[in-house]
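Chain by chain, the residues run as shown.
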Amino acid sequence: MARAVPERDAACAVAQAAAVVGDWWSLLLVRETARGRHRFDELQHELDISRKVLTERLTHLVDSGILEKVPYQRGPVRYEYRLTATGRALLPVLVSLQDWADRWLLGDGTLTASADEHSAEAVRMAGLPGTRLPGITLPAHTGGDLDPLDADSVATVLFCYPATGRPSPLPDGWSDIPGTVGCTLENRLFRDAYGQFLAAGVAVRGVSTQRPDEQREFAKAEDIPFPLLSDMDARLSAALRLPTFRAGQSLRLKRAVLVVDRERIVRHVQFPVTDIPAAVTTALGTARDF
């Protein structure tokens, strides 16, 4: 269970945070609830954790304000465990931990916006088909929040990209990081093929960690006809454990293309993306088969 914070560390924010989520199981429970697993039995099955320990950790996270209990059944009453606003604010921290481990523990320390096809990130992404996209919303450049999935389409293509250079300048040394170059090209290629996607009944969404106002200015300048979604709060990154990298003191999404069906199931993933035109063509061909 959680440890009490010693008096000498009472004013230390790191110590206070560690007392809440420094435990292995607590962090994994935040990870799993972010991925859309909210019920006791789901969490126990996914984590292979004892009922006693799971009950203790869930109680601790509820008491700490990270999770809240939401009834989903009455007679007898049963609860789901969902992230509170405080818990959702942990998601960038969770993704940063993932990014650190991908680079320094599972990788060789190289800063890259791509990945080797045999890397831990590539293996994780290759296992993504069959995963259900949780019911989340992201800020859109068009205003308000938007579900990444277009329920009126037979499928939705989500293409994740690091960042465009308009309107804000990119960090120093950006083009020296493998995999960063090509974000504007990718948006233009999806824009130019957008009519074909619509004809096939397929929606398109671009996703980056840039702010909605930055995306809005870019979309206006480039005449982007589809929504650009901001994952600046890492909700999609945490939900799907998407690969990231850190540049300019900000987390950026590595380039990836996902095709999701109308039942919210990921059906196809392209990662790493080394040939952007081919990735657009493949996404269209894959989505047309739905």
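Heads up: the structure comes first, above all this text.
This structure is a prediction, so every number in the text was calculated from the model and none was measured.

## Digging into the sheet that holds strand β10 (residues 256-261)
- Strand order across the open sheet formed by 5 strands is β7-β6-β5-β10-β11, with mixed pairing between neighbours. In this open sheet, the two strands that pair with only one neighbour each are β7 (228-230) and β11 (266-270). Shown here is a sheet whose adjacent strand axes are inclined to one another by a mean of 25 degrees, direction ignored.
- Of the strands in this sheet, β5 (155-160), β6 (202-208), β7 and β10 are in contact with helix α8 (residues 183-192), which crosses β5 at around 160 degrees.
- On the sheet, helix α10 (residues 212-222) packs against β6 and β7 and is oriented at approximately 165 degrees with respect to β7.

## Some details on the environment of Met232
- Along the chain, Met232 falls in the loop between β7 and α11 (235-240).
- Since its relative accessible area comes to 39%, Met232 is described here as partly exposed.
- Note: C-alpha distance between Met232 and Ser208 (24 residues apart in sequence) is 7.5 Å.

## Details of the nonpolar core
- Counting residues in each nonpolar core, the largest one holds 25 residues, and the members touching the most others are Val157, Phe190, Phe197 and Phe226.
- Broken down by element, this core gets its largest block of residues, 6 residues, from helix α12 (residues 276-288).
- The contact partners of Val157, leaving out residues within four places of it in the chain, are Phe190, Phe197, Val202, Ala203, Val204, Arg205, Val257, Leu258, Val259, Ala283 and Ala287.

About the cut-offs
Residue numbers restart at each chain and count upward from 1, following the sequence in its written direction. At least 70 in pLDDT is required for a residue's local features to be given in this predicted model, at least 80 for side-chain atom pairs to be given and counted, and no such filter applies to totals for whole chains, interfaces and linings, which use all residues. Side-chain measures here rest on the full set of heavy atoms in the structure, leaving out hydrogens and waters. Strand pairing is assigned whenever DSSP identifies at least 2 bridges connecting the two strands. A helix here means a DSSP run of H or I that spans at least four residues, while a strand means a run of E at least two residues long, and both kinds are numbered starting from the N terminus. The axes are straight lines fitted to the C-alpha atoms, using for helices just the contacting stretch, and the angles between their N-to-C directions are given from 0 to 180°. Contacts: residue pairs with any heavy atoms within 4.5 Å of one another. Think of it in three bands: residues with accessible area under 20% of the maximum for their type are buried, residues over 50% are exposed, and the middle band is partly exposed, with areas taken using a 1.4 Å probe on protein chains only. Here, the term nonpolar core denotes a set of buried Ala, Val, Leu, Ile, Met, Phe, Trp, Tyr and Cys residues that are joined through side-chain atoms within 4.5 Å.

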